Amino acid sequence: MSMYTSLEDSDCKSFSGSFQFDFWDRLEVGMRQKDHIFDGFVILLFLLSVSTITKATEGKDGFKQCEHIVKQWASSSLDLKVKNDKHVLQNLLFFLHVPRTGGRTYFHCFLKKLYASSLECPRSYDKLRIDPRKPKCRLLVTHDDYSMMNKLHKDETSVVTILRNPIDRVFSAYEFSVEVAARFLVHPNLTSATKMSRRLRSKNTISTLDIWPWKYLVPWMREDLFARREAREQNGQSVVTSTNPYDTKEMVMPLHEYINNPIARDIIHNGATFQVAGLTNNSYLTEAHDVRHCVLKYESLGDYVLKVAKKRLDDMLYVGLTENHKESATMFANVVGTQAISQFTGSTSHRDHTTKNSSEQGSSLLESDFDATYHHSNSSYQKPNQISAADQGEARKENMTAGKLMDAYESCISNLRKTQSERRGRRQVSEALLQEITSLNHLDVELYKYAQTIFANQHKRMLVNKVVTNQLDSGFDDSYRAFSWEAICIAVSVVFVALFAVLFVTAKRRTSKLKL
């Protein structure tokens, strides 16, 4: 019994000693692990602090570097002066066509009446094959931005453009992207549609997919449409319940997704400002990419771009507004049209007695989106020989007047009025989404306000010129009438004197005969 007891006591003592050893050993190991964890936590905290400080430093330095890049570009752009009178039409007319402003209407219904096809710069809407140095190149109409001026003789070029309310322009760009992309849905899949578009582009035609910005926007939207159609087929969904055309996600990318996509942020938003400034992703300027990158990264730097864009508008011969279509068309006919007519006829002055009547006429286009009708039949721009003879023939410059030009314009767009309709679906867009579009296009909003001021000043100047012209004509007519009455009086006096002389001589002869 004692033996077992002693053995048990011995084992207990051994176990107790072993336990004490393991406990303190494990405790020491645990403490070391905690120390390692604490050290790791300290190191991680240190690295995060260093990273935050580094990013802050880089952000500060990055902003300064971007500010320097943008300031340098803006300074060099603002230093460029227009030597000739900006109100005088020069040898080359550059129509800077901001997409979705109704510019194609002006091209076909105004400029085609003034400029012969032989005077148009080749492939105006095709950047890849444009050649503004062609002999007799007098008219350039293109979606290319203001950087095109680097390829032209600045002192011999007049620039004109049309701007549109930024919110309406975003809506129109979205609608047109969907419209053109949807034409490819006749194909069974995206691969087939892509092959067909490649075949079209290989032919000697100018496809919509060749033209900025649609060469980016349409393929993007086309891919999205096919993806959504495939999803509907897989889910067996054939009915779309939404009645809001801007939020039918089963069929097409909703508007709120469209405006927040990086592609839209890069091309659509503030597009007019970047185009007038010459900074689109289609720019000819070598520094355009860096300036764009900085402005898109640091919103405050956009003020420099806006300042340059305003200066560009100030230097233009004409700035129209899509919403003021009637007044814009009349002003274009009087400001641009009369000077073009004067150039071609070689006259130093031109008085249009029918301007008053023509100014009372205008267009009732609600959207002024000629492009939508123009592209309706296919995805390619029409060639000149595909346009009706009434719209493509050279105007008889010696007989053309501003009044006749307006009449021709009205006749040209008369058929378009029947195809235009108000897009009532826009009423279903929430106020919050409209505010978001406005915020995303804050530069275009400011530029449009500035363009409205320029437009008002142009209108006043046109009215003053018309008053002066009417006074000159009235003075000429008064002088002519005064001269006419004076001539008549003199003629009557001469007749009376002659008659009196004849009567006097006759009476004297009779008296002489009586005396004899």
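Per chain, the residues get numbers from 1 upward, laid out in the order the sequence is written. Reporting of local features is limited, given that this is a predicted model, to residues whose pLDDT is at least 70; pairs of side-chain atoms are given and counted only at 80 or more, and all residues count toward the totals for whole chains, interfaces and linings. Excluded from the side-chain calculation are hydrogens and water; included are all heavy atoms of the structure.

As named in an unreviewed UniProt entry, the chain is Sulfotransferase, taken from Solanum bulbocastanum. Per UniProt, the comment on the chain under Subcellular location (unreviewed entry) is "Membrane". UniProt positions are given in the numbering used here, feature names are shortened, and annotations may be inferred rather than shown by experiment.

Things to note about the sheet that holds strand β1 (residues 92-96)
Strand order across the open sheet formed by four strands is β2-β1-β3-β4, with parallel pairing between neighbours. The open sheet is flanked by β2 (139-142) and β4 (318-321), the only strands paired with a single partner. Recorded for the sheet is a direction-independent mean angle of 15° between the axes of neighbouring strands. The pairing of β1 with β2 spans four bridges and is classified as parallel. When the bridges of β2 are listed, phenylalanine 94 appears paired with leucine 140. Throughout, a contact is declared for two residues whenever any of their heavy atoms are within 4.5 Å. An axis is simply a line fitted to the C-alpha atoms; with a helix, the fit covers only the stretch in contact. Between two such axes, the angle follows the N-to-C directions and lies from 0 to 180 degrees. We count a stretch as a helix when DSSP gives it H or I for four or more residues in a row; a strand needs E for two or more, and each element gets its number in order from the N terminus. Where helix α11 (residues 325-345) meets the sheet, it contacts β1, β3 (157-163) and β4, and its direction lies at approximately 160° from that of β4. For two strands to count as paired, DSSP must find a minimum of two bridges between them.

Let's talk about the environment of alanine 329
Inspection of the secondary structure puts alanine 329 in helix α11. Residue classification places alanine 329 among the buried residues on the basis of a relative accessible area of 0%. The spatial distance from the C-alpha of alanine 329 to the C-alpha of glutamate 410 is 9.7 Å, given a sequence separation of 81 residues. Among residues more than four places away in sequence, those in contact with alanine 329 are Tyr106, Phe110, Met406 and Tyr409. Think of it in three bands: residues with accessible area under 20% of the maximum for their type are buried, residues over 50% are exposed, and the middle band is partly exposed, with areas taken using a 1.4 Å probe on protein chains only.

A look at unusual backbone geometry
In terms of backbone geometry, most residues other than glycine have negative phi values and most peptide bonds are trans. The amide bond that connects tryptophan 212 to the next residue, proline 213, takes the cis arrangement and shows omega of 0°. A positive phi is found at arginine 100, a non-glycine position, where the angle reads about 65°. You can see arginine 100 is positioned in the loop between β1 and α2 (103-114). Classification of arginine 100 by relative accessible area gives buried; the value is 3%. Here the phi dihedral of asparagine 270 falls at roughly 60°; this positive angle occurs in a residue that is not glycine. Tracing the backbone shows asparagine 270 in the loop between α7 (262-267) and α8 (271-277). Judged by its relative accessible area of 7%, asparagine 270 falls in the buried class.

Some remarks on the state of the cysteines
Put plainly, a disulfide is one covalent bond tying together the sulfur atoms of two cysteines. Disulfide: a pair of cysteine sulfur atoms within 2.5 Å of each other. A complete count under the given rule lists three disulfides for this structure. Disulfide pairing is shown between cysteine 66 and cysteine 294; the S-S distance is 2.2 Å. Its torsion about the S-S bond being -70°, the disulfide of cysteine 66 and cysteine 294 is classed as left-handed. Here the residue cysteine 66 occupies a position in helix α1 (residues 2-78), and cysteine 294 occupies one in helix α9 (residues 288-297), the gap between them amounting to 228 residues. Assessed through its relative accessible area of 8%, cysteine 66 is described here as buried. Residue class for cysteine 294 comes out buried when judged on its relative accessible area of 2%. Each sulfur in the disulfide pair cysteine 109 and cysteine 412 lies 2.1 Å from the other. Between cysteine 109 and cysteine 412, the S-S dihedral sits near -60°, and the bridge is therefore left-handed. Of the two residues, cysteine 109 is situated in helix α2 and cysteine 412 in helix α15 (residues 402-419); the sequence distance between them amounts to 303 residues. Residue classification places cysteine 412 among the buried positions, given a relative accessible area of 12%. The connectivity of the disulfides in the chain is 1-5, 2-6, 3-4, where the numbers refer to bonded cysteines in sequence order.

Quick notes on the packing of aromatic side chains
Each aromatic ring pair is characterised by the separation of its centres together with the angle its planes make. Pairs were defined over the aromatic rings of Phe, Tyr and Trp, the Trp ring being its six-membered one, requiring ring centres within 6.5 Å. Orientation was assigned from the angle between planes: stacked under 30 degrees, edge-to-face over 60, tilted for the rest. Tallied over the entire structure, the rule returns 14 aromatic pairs. Look at phenylalanine 63 and tyrosine 298: their rings are 5.2 Å apart centre to centre, the planes differ by 80°, and that puts the pair in the edge-to-face class. With phenylalanine 63 in helix α1 and tyrosine 298 in the loop between α9 and α10 (302-314), this pair connects stretches of sequence that are 235 residues apart. Classification of phenylalanine 63 as partly exposed rests on a relative accessible area of 27%. Centre to centre, the rings of tyrosine 174 and tyrosine 258 are 4.9 Å apart; their planes meet at 70°, and the pair counts as edge-to-face.

Section: the packing of helix α3 (residues 166-182) against helix α16 (residues 431-440)
The N-to-C vectors of α3 and α16 enclose an angle of 100°; their axes lie 9 Å apart at closest approach. Considering their axes alone, α3 and α16 lie roughly perpendicular with respect to each other. Here Ile167, Val170 and Phe171 of α3 lie close against α16, whose contacting residues are Leu434, Ile437 and Thr438. Under the scheme applied here, ten amino acids are nonpolar (Ala, Val, Leu, Ile, Met, Phe, Trp, Tyr, Cys and Pro), four are charged (Asp, Glu, Lys and Arg), and all others, including Gly, are polar. Taken together, the residues of the contact of α3 with α16 break down into five nonpolar, one polar and no charged. Here the word oblique covers every angle except those under 35 degrees (roughly parallel), over 145 (roughly antiparallel) and from 65 to 115 (roughly perpendicular).

Re the nonpolar core
Residues belong to a common nonpolar core when they are buried Ala, Val, Leu, Ile, Met, Phe, Trp, Tyr or Cys residues joined through side-chain atoms within 4.5 Å. Within the largest apolar cluster, 76 residues are counted, with the highest numbers of intra-cluster contacts made by Trp73, Tyr106, Phe110, Tyr115, Leu279 and Leu313. Per-element accounting of this core gives the leading share, eight residues, to α11. Beyond its immediate sequence surroundings of up to four residues, tyrosine 106 is in contact with Phe95, Leu111, Ile162, Tyr318, His325, Ser328, Ala329, Phe332 and Tyr409. Within the second largest apolar cluster, 34 residues are counted, among which are Ala173, Phe184, Leu217 and Met253.

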